[in-house]
Amino acid sequence: MGDSVKELIDSGKTAIGIEFGSTRIKAVLVDDKGRPLAQGGHGWENQYENGVWTYSLDMIWNGLQSAYSDLLADVKNKYDTVIKKTGAIGFSAMMHGYMAFDDKDNLLVPFRTWRNTITEEAARGLTQEFGFNIPQRWSIAHLHQAILNKEDHIPDVSFFTTLAGYIHWKLSGEKVLGIGDASGMFPIDSTTRNYNSEYLDKYDKILMSKGTPWKIRDILPEVRLAGESAGSLSAEGAALLDTSGNLEAGIPMCPPEGDAGTGMVATNSVAVRTGNVSAGTSIFAMVVMEHALKAVHEEIDVVTTPVGDDVAMVHCNNCTSDINAWAGIFRSYSEAIGAPVDTDKLYTTLFKAALEGSPDCGGLVGFNYFSGEPVTGFDEGRPVFARKINADFSFANFMRLHLYSAVSTLKVGLDILLKEEDVKVDKLYGHGGFFKTEEVGQRIMSAATGGPITVMETAGEGGAWGMAVLALYLLKTLGDAKGADMSLSDYLNNEIFAGEEGTTVTATDDEIKGFDDYMKVFNGAKELEQAAINVL
């Protein structure tokens, strides 16, 4: 295996995906079938400076070089070779945020990440103007808030983009963006597969009324679809990425994407009527829709797949943090009685106990809010656990309650999508730490959604792997006459996930009814959460 892989790497019959997550930059090398060969990583944390969550340019480039260098070390250790060329390369990152540049390519203000909630006035005004939900984290909301604030840099803006768009631009010279990432900058028209021209025209009128010396079309990156060329690695870019100097210029680059798009690819959920739920520290669900939403819902974002199909997204800030906190209590107790337990056994025991609980949690209720939750109208959060006086206060019900709590806010948004908007979902894929214990997370999530939940073996590969697969898809469309007509969904089904069915779990009718009954208690107990915020 080692020799054949070495030959693949030396001949460049591979692809590289690199993703900038909120706490880790990850690089993955795959073969021409999408199988991971090596990986590297670099940990980083955003900084809170002058009221803004940011990463400095030095952090961005040092982090990228460190992650790539770590990938090279893994390749050297496993296959005793170096990467000089690869078939294609792609970059992805956290969506949204604000990176604005002048005509000399200088960054005008520190990078404002998606995490900043400083654009409420702009987001509300644009939502009203467009009749389309513009969340606070979207790039256009950041730009418009800066205009409303009359920030000094606005007249000098020549270009603005996302983190993935910035990395791609500096490595290729191309000011482009994959359509999925672009859909978190400005609304997309899924029929034209480009920015919504009606909203662009409306926004130009707003700019004119503010005396802004440029038009919105002039400063947005160009939109590219998955499978379309987005330039190639320049000599300067190769030197910037690989400080060892071995990487050759001229490598094809696929359109840079956001982490939502790479998550869809990694879970094979880019086709219409498919979706995925990512459940870890935060939780979000994405469903590829057959038709546009009938109404504007602040609880639901509309973005796109990497090929431009509309996707409804419900995003919640809190998921497993409260479970982790309670696991810490149980760990401390086991140590106190002289029976320490390893982490895997601890979590497996806690999660499996939940399945023994009552479908409605037996009179227990809780809020897992470490931070605010816009879906339920909270700007702040306080973890709360409460029970009725006649509750069945058992260990099993206690754990079931905390697993319900982890997904109950998501259910509020999904109920709008699936019940009010009648959006159809044939397959919903799960990934993230919530699904690590066999069956448990899937059964709880299935009870919440009312449908089956599938977990693929590749779900743990993550966004960097999804980005590498998008790089492979570019090679397919560029180098294969048949590939030019192959949709991204067909490519994933036929060549990347072929034969992989995953594991599917469907909740019983009693479990689904139990979760619905629990939600009546949850929705009626929001004053508890508000009281906790007020007094704690």
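Located above this text is the structure these notes cover.
Every value quoted in this text rests on a predicted model; they were computed, and no experiment measured them. (Residues numbered from 1 in each chain as written. Predicted model: local features only at pLDDT ≥ 70, side-chain atom pairs only at ≥ 80, totals over all residues. Heavy atoms only, no water.)

Student: Teacher, can you tell me more about the packing of helix 13 (residues 395-420) against helix 17 (residues 509-524) here?
Tutor: Helix packing geometry: the angle between the two helix axes and the distance between the axes. The interhelical angle for the contact between helix 13 and helix 17, taken along N-to-C directions, is 90 degrees, at an axis separation of 10 Å. Our classification of the angle between helix 13 and helix 17 gives roughly perpendicular. For the pair helix 13 and helix 17, contact is made by Arg400, Leu401, Tyr404, Val407, Ser408, Thr409, Lys411, Val412 and Lys419 and by Glu511, Gly514, Phe515, Asp516, Tyr518, Met519, Phe522 and Asn523, respectively. Taken together, the residues that form the contact of helix 13 with helix 17 break down as eight nonpolar, four polar and five charged. (Axes fitted to C-alpha atoms, helices over the stretch in contact; angles between N-to-C directions. Helix = DSSP H or I, 4+ residues; strand = E, 2+ residues; numbered from the N terminus. Parallel < 35°, antiparallel > 145°, perpendicular 65-115°, else oblique. Contact = heavy atoms within 4.5 Å. Nonpolar A, V, L, I, M, F, W, Y, C, P; charged D, E, K, R; others polar.)

Student: Sorry if this is basic, but what is going on with the pairing of strand 20 (residues 427-431) here?
Tutor: Consecutive side chains of a regular strand alternate in pointing toward one face of the sheet and then the other. Here strand 20 lies mainly inside the structure; four of its five residues are buried. Of the pairings in the sheet, the one linking strand 14 (residues 274-279) to strand 20 comprises five bridges and is parallel in character. Bridge assignment links glycine 275 to a residue of strand 20, and that residue is leucine 428. (Buried < 20%, exposed > 50% of the residue type's maximum accessible area, 1.4 Å probe, protein only. Pairing = 2+ DSSP bridges.)

Student: Would you mind showing me how to read helix 2 (residues 57-79) here?
Tutor: Residues separated by three or four positions in an α-helix point in the same direction, a consequence of the helix having 3.6 residues per turn. Taking 1.5 Å per residue, 23 residues should reach 33 Å; helix 2 reaches 33 Å between its end C-alpha atoms and fits that length. Aspartate 80 sits one or two positions beyond helix 2 and adopts a positive phi of about 55 degrees. (Expected span 1.5 Å × (residues − 1).)

Student: Mind showing me how you'd approach the pattern of salt bridges here?
Tutor: Think of it this way: side chains of opposite charge can pair up when their charged atoms draw near. Scanning the entire structure with this criterion turns up 26 salt bridges. A salt bridge links arginine 35 to aspartate 31, with the shortest nitrogen-to-oxygen separation between them at 2.7 Å. The exposure class of aspartate 31 is buried, given its relative accessible area of 3%. One salt bridge in this structure joins lysine 104 and aspartate 103, with 3.9 Å as the shortest N-O distance. For the residue pair lysine 104 and aspartate 103, the accessibility class agrees, reading exposed in each case. Among the charged side chains, a network of salt bridges with common partners joins Lys411, Asp415, Lys419 and Asp516. (Salt bridge = Lys/Arg side-chain N within 4 Å of Asp/Glu carboxyl O.)

Student: Any chance you could explain helix 11 (residues 321-336) here in plain terms?
Tutor: With 16 residues, helix 11 should reach 22 Å at 1.5 Å per residue; the first-to-last C-alpha distance of 23 Å fits that figure. Burial in helix 11 covers these residues: Asp322, Ile323, Ala327 and Ser334. Viewed along the axis of helix 11, the buried residues span an arc of 140 degrees, placing them on a single side of the element. Those residues of helix 11 that are exposed and aimed more than 90 degrees away from the buried face are Ile329 and Ala336. Buried residues in helix 11 make contact with helix 12 (343-354), strand 18 (364-367) and helix 13. (Arc of directions from axis to C-beta.)

Student: How do you make sense of the nonpolar core when you look at a structure like this?
Tutor: The tendency in soluble globular proteins is for nonpolar side chains to be buried side by side. Counting 132 residues, the largest nonpolar core has Leu143, Phe186, Tyr203, Ile216 and Phe434 as the members making the most contacts within it. Excluding anything up to four places from it in sequence, leucine 143 contacts Tyr98, Ile154, Phe160, Tyr203, Trp214, Ile216 and Ile219. (Core = buried A, V, L, I, M, F, W, Y, C linked by side-chain atoms within 4.5 Å.)

Student: How do you make sense of the environment of leucine 417 when you look at a structure like this?
Tutor: Tracing the sequence through the fold places leucine 417 in helix 13. Leave out the neighbours within four places in its chain, and leucine 417 touches Val287, Leu293, Ile300, Ala312, Asp422 and Val423.

Student: Could you clarify how one ought to interpret the side chain of threonine 127 in this entry?
Tutor: Within the element layout of this structure, threonine 127 appears in helix 3 (residues 120-130). Note on threonine 127: relative accessible area 13%, which makes it buried. A polar side-chain atom of threonine 127 sits 2.9 Å from the main-chain amide nitrogen of isoleucine 134. Excluding residues that lie within four positions of it along the chain, threonine 127 makes contacts with Phe132, Asn133, Ile134 and Val296. (Polar contact = N/O pair within 3.5 Å; in protein donor to acceptor, adjacent residues only side chain to side chain.)

Student: What is the right way to look at the sheet that holds strand 2 (residues 24-31) in this model?
Tutor: Here five strands make up an open sheet; going across it, the order is 3-2-1-6-13 and the pairing mixed. Two strands in the sheet have a free side with no partner beyond their single neighbour: strand 3 (36-43) and strand 13 (257-258). Across the sheet, helix 2 is in contact with strand 1 (14-20), strand 2, strand 3 and strand 6 (88-93); its angle to strand 3 comes to roughly 145 degrees.

Student: Help me understand the packing of helix 4 (residues 139-148) against helix 7 (residues 197-209), please; the structure alone is not making it clear to me.
Tutor: Their axes nearest at 11 Å, the elements helix 4 and helix 7 cross at an angle of 20 degrees. As judged from the angle between their axes, helix 4 and helix 7 are roughly parallel. Relative to helix 7, helix 4 is oriented so that their crossing is left-handed. In contact with Ile140, Leu143, His144 and Ile147 of helix 4, helix 7 contributes Tyr203, Ile206 and Leu207. A per-class count over the contact of helix 4 with helix 7 returns six nonpolar, one polar and no charged. (Left-handed = near helix turned anticlockwise from the far one by under 90°.)

Student: I would appreciate a short explanation of the environment of valine 384 in the present structure.
Tutor: Here valine 384 shows up in strand 19 (residues 384-387). When the C-alpha atoms of valine 384 and threonine 162 are compared, they prove to be 36 Å apart, with 222 residues separating the residues in sequence.

Student: Please clarify how the pairing of strand 17 (residues 310-316) should be interpreted in this entry.
Tutor: Counting buried positions along strand 17 yields seven of seven residues, so the element is predominantly enclosed. The side-chain alternation of strand 17 yields two buried faces, one formed by Asp310, Ala312, Val314 and Cys316 and the other by Val311, Met313 and His315. Pairing of strand 15 (residues 283-288) with strand 17 involves six bridges; the strand directions are antiparallel. The partner of valine 287 across the bridge, within strand 17, is alanine 312. The pairing of strand 16 (residues 301-304) with strand 17 spans four bridges and is classified as antiparallel. Pairing of aspartate 301 across the sheet is with methionine 313, part of strand 17. Where strand 16 hands over to strand 17, the hairpin turn is made up of five residues, of which glycine 308 adopts a positive phi near 100 degrees.

Student: I tried to follow the packing of aromatic side chains on my own but got confused; where do I start?
Tutor: Within a pair of aromatic rings, the relevant descriptors are the distance that separates the centres and the angle that separates the planes. Following the criterion strictly, the structure yields 33 aromatic pairs and no others. Aromatic pair tyrosine 48 and tryptophan 53: ring centres 4.8 Å apart, planes at 50 degrees, arrangement tilted. When its relative accessible area of 53% is taken as the criterion, tyrosine 48 is described as exposed. Centroid distance phenylalanine 132 to tryptophan 138: 6.2 Å. Interplanar angle 55 degrees. Geometry classified as tilted. The exposure class of tryptophan 138 is buried, given its relative accessible area of 0%. For arginine 115, the ring lying beneath its charged end belongs to tryptophan 53, and the centroid distance is 3.8 Å. Between the NZ or CZ atom of lysine 170 and the centre of the ring of tryptophan 169, over which it lies, the distance is 4.2 Å. (Phe/Tyr/Trp six-rings, centres within 6.5 Å; stacked < 30°, edge-to-face > 60°. Lys NZ or Arg CZ within 6 Å of the ring centre and 35° of its normal.)

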